[in-house]
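Structural features, examined
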Amino acid sequence: MLKASPTKLAILEKLVSAAPEMVPSGELVASLKVTRQAIWKGIESLREETIGIESVPNRGYRFSSPPTFDLSPSWLEHSLKGCPFGHPILIFDSVDSTQEIAKEAARQNMPAGLVILAEQQRAGRGRMGRIWLSPTGGNLYASILLRPRISPMQIQLVNLAAGLAAQMTLESLFRVRCSLKWPNDLLWKGRKLCGILSETASETDRVHYVVTGIGLNVNMSVADLASAGAENPCSLIEIRGEKSDRGEILGGILRRLAEMIGTLETETGGMQRLVNLYRQRCSTLGKEIRILTDSGIDYGIAENITPDGALEVNVRGSLRVYSAADVIHVRASQD
Ligand code: BTN
């Protein structure tokens, strides 16, 4: 498992802000108030994260290049300075599910902002009890621990905010404009690029935590995803024709999500603004859909998103509101 530490982050901060100048190791020792050995260990560990740091005997250290590994936790935390989310970030090679690790951390009272990443999930989970295939191969599997100060009635908005944050990040970084299938799948030409699962623990009047899991196909080919068993998948590498930096994507999502949740928590009208942004990007609206709930299957036309994020559907002439369901667009080609 790779993670940042206060010493590593402080070293990185010093070296990056001094670059291209060299920082004498004595200066690092004095300003960080740690031993020379702790500095050396920190530098070695940053190098293990593939961050380029040159050392010149008797002179000191110099930052030379950003990491080649796109999920370096120290680099990510450094670039998320000032963002309430992404501290700490832990990355594992292989786990059953990042959701389970983040939920256990939530139960152990870890504060909001923790992010668990994995290169592979052996038992990745999707919505409605489905499997989320999570082979090694450059995709993003992330779970974020949130403790939003909102009413439990508004939890669905956090879920929608995560989809919106992912959609907006891909558009602003790469001009890839996906649509949102309610509640928060990202579709590109009707094919699934990203799925989001939010799991929560709350009481009648208080949300204890929300763990939002994001599975985004980034650098794995569609052929490999399909042969791993994914149904009608899509991958960013196919859309862009080149590899993308997962850290950059994650950073964009975390910043936007933090902003949106901050708005929900503090601003009157925040809910309305979020729902409006969501509606503009939601390809479910106006569509003929099949709705799967715990109590069965309905067919109807999706008409609106309510102020608390539920889906309003015209089912044989009467309006029904679904707050938790799975939706299938009957004519997927229109997405
Ligand atoms: C869905 O579309 O059904 C939701 C998929 C969510 C997948 C992510 S990958 C990271 C996190 N860990 C999991 O086990 N699931 C979520």
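Residues numbered from 1 in each chain as written. Predicted model: local features only at pLDDT ≥ 70, side-chain atom pairs only at ≥ 80, totals over all residues. Heavy atoms only, no water.

1. So, the overall build of the protein
For clarity, the cut-off: Strands here mean DSSP runs of E at least two residues long; helices mean DSSP runs of H or I at least four residues long; both are numbered from the N terminus. This radius of gyration counts C-alpha atoms alone. The globule rule is 2.2 Å times how many residues there are, raised to the power 0.38. With a 1.4 Å probe rolled over the protein chains alone, any residue whose accessible area is under 20% of its type maximum counts as buried; one over 50% counts as exposed, and the rest are partly exposed. Contacts were defined at the residue level, with two residues in contact if any of their heavy atoms lie within 4.5 Å. Throughout, the Shrake-Rupley method with a 1.4 Å probe supplies accessible areas, and for residues the shown protein chains are the sole cover considered. The positive count covers Lys and Arg only, the negative count covers Asp and Glu only, and His and the chain ends enter neither. Here the site of a charge means NZ on Lys, CZ on Arg, CG on Asp, or CD on Glu.
Looking only at helices and strands, the protein features 10 helices and 15 strands. For the protein, the C-alpha radius of gyration of 22 Å lies close to 20 Å, the compact-globule estimate for 335 residues. Oriented by its inertia axes, the alpha-carbon framework of the protein measures out at about 80 × 45 × 30 Å. Burial status across the protein gives 51% buried among its 335 residues. Residue pairs in contact within the protein that sit at least 24 positions apart in sequence constitute 62% of those at least 6 positions apart. Here the protein displays about 15,300 Å² of accessible surface, and carbon together with sulfur accounts for 51% of that area. For the protein, the distance from the average position of its 38 positive side-chain charges to the average position of its 36 negative side-chain charges is 2 Å.

2. Remarks on the site of the ligand
Rules: A molecule or strand has a residue near it when one of that residue's heavy atoms lies within 4 Å. Polar contacts, as used here, are pairs of N or O atoms within 3.5 Å; protein pairs need one atom able to donate a hydrogen and one able to accept it. Residues neighboring in sequence count only if both atoms are side-chain atoms. Residue type decides the class: Asp, Glu, Lys and Arg count as charged, Ala, Val, Leu, Ile, Met, Phe, Trp, Tyr, Cys and Pro as nonpolar, and the leftover types, Gly among them, as polar.
Residues in close proximity to the ligand total 19 residues, the closest being Ser97, Gln121, Arg125, Arg127 and Lys192. Measuring from an oxygen atom of the ligand, one finds a backbone N or O atom of Arg127 at 2.6 Å. Within the complex, the protein chains bury 99% of what would otherwise be the 420 Å² of accessible surface of the ligand. The set of elements that each furnish at least two residues to the shell around the ligand consists of helix 5 (98-107), strand 6 (140-146), strand 9 (191-202) and strand 10 (207-216). Among the elements that line the shell around the ligand, the one with the most residues is strand 9, at 4 residues. A breakdown of the residues in the shell around the ligand according to their chemical character gives 5 nonpolar, 10 polar and 4 charged.

3. Some remarks on the packing of helix 1 (residues 6-18) against helix 3 (residues 36-48)
Test applied: Working convention: axes come from line fits to C-alpha atoms, limited for helices to the stretch in contact. Angles between N-to-C directions cover 0 to 180 degrees. Should an angle lie under 35 degrees it is considered roughly parallel, over 145 roughly antiparallel, and from 65 to 115 roughly perpendicular; all remaining angles are considered oblique.
Following both chains from N to C, one finds helix 1 and helix 3 inclined at 80°, their axes separated by 9 Å at the closest point. On the basis of the axis angle, helix 1 is roughly perpendicular to helix 3. Contacts between helix 1 and helix 3 pair Thr7, Lys8, Ile11, Leu12 and Leu15 from the former with Ala38, Ile39, Gly42, Ile43, Ser45 and Leu46 from the latter. Here the contact of helix 1 with helix 3 is built from residues that sort into 7 nonpolar, 3 polar and 1 charged.

4. Here's the deal with the pattern of salt bridges
Cut-off, in case you're wondering: Criterion for a salt bridge: a side-chain nitrogen of Lys or Arg within 4 Å of a carboxyl oxygen of Asp or Glu.
In the structure shown here, the tally under the stated rule is 22 salt bridges. Here Glu265 makes a salt bridge to Arg149, at a shortest N to O gap of 3.3 Å. With Glu265 in helix 9 (residues 246-266) and Arg149 in the loop between strand 6 and helix 6 (155-174), this pair connects stretches of sequence that are 116 residues apart. Glu265 sits in the partly exposed class, given a relative accessible area of 25%.

5. Quick notes on helix 3
Residues that lie three or four places apart on an α-helix share one face, since the helix turns once every 3.6 residues. As a reminder, the rule being used: Expected span, for any helix, means 1.5 Å times one less than how many residues it has. Relevant arc is that of directions from the helix axis to the C-beta atoms, nothing else.
Over its 13 residues, helix 3 extends 18 Å from the first C-alpha to the last, a length consistent with the 18 Å expected when each residue adds 1.5 Å. Looking at helix 3, one finds that the buried residues are Ile39, Gly42, Ile43, Ser45 and Leu46. Along helix 3, the residues classed as buried sweep out an arc of 165° about the axis, all on the same side. Residues of helix 3 that are exposed and angled more than 90 degrees away from the buried face: Arg36, Gln37, Lys41 and Glu48. Contacts from the buried residues of helix 3 go to helix 1, helix 2 (25-32), strand 2 (52-56), strand 3 (60-65) and helix 4 (73-79). Phi turns positive one or two residues past the end of helix 3, at Thr50, with a value near 70°.

Limitation: the analysis is restricted to geometry and does not speak to function.
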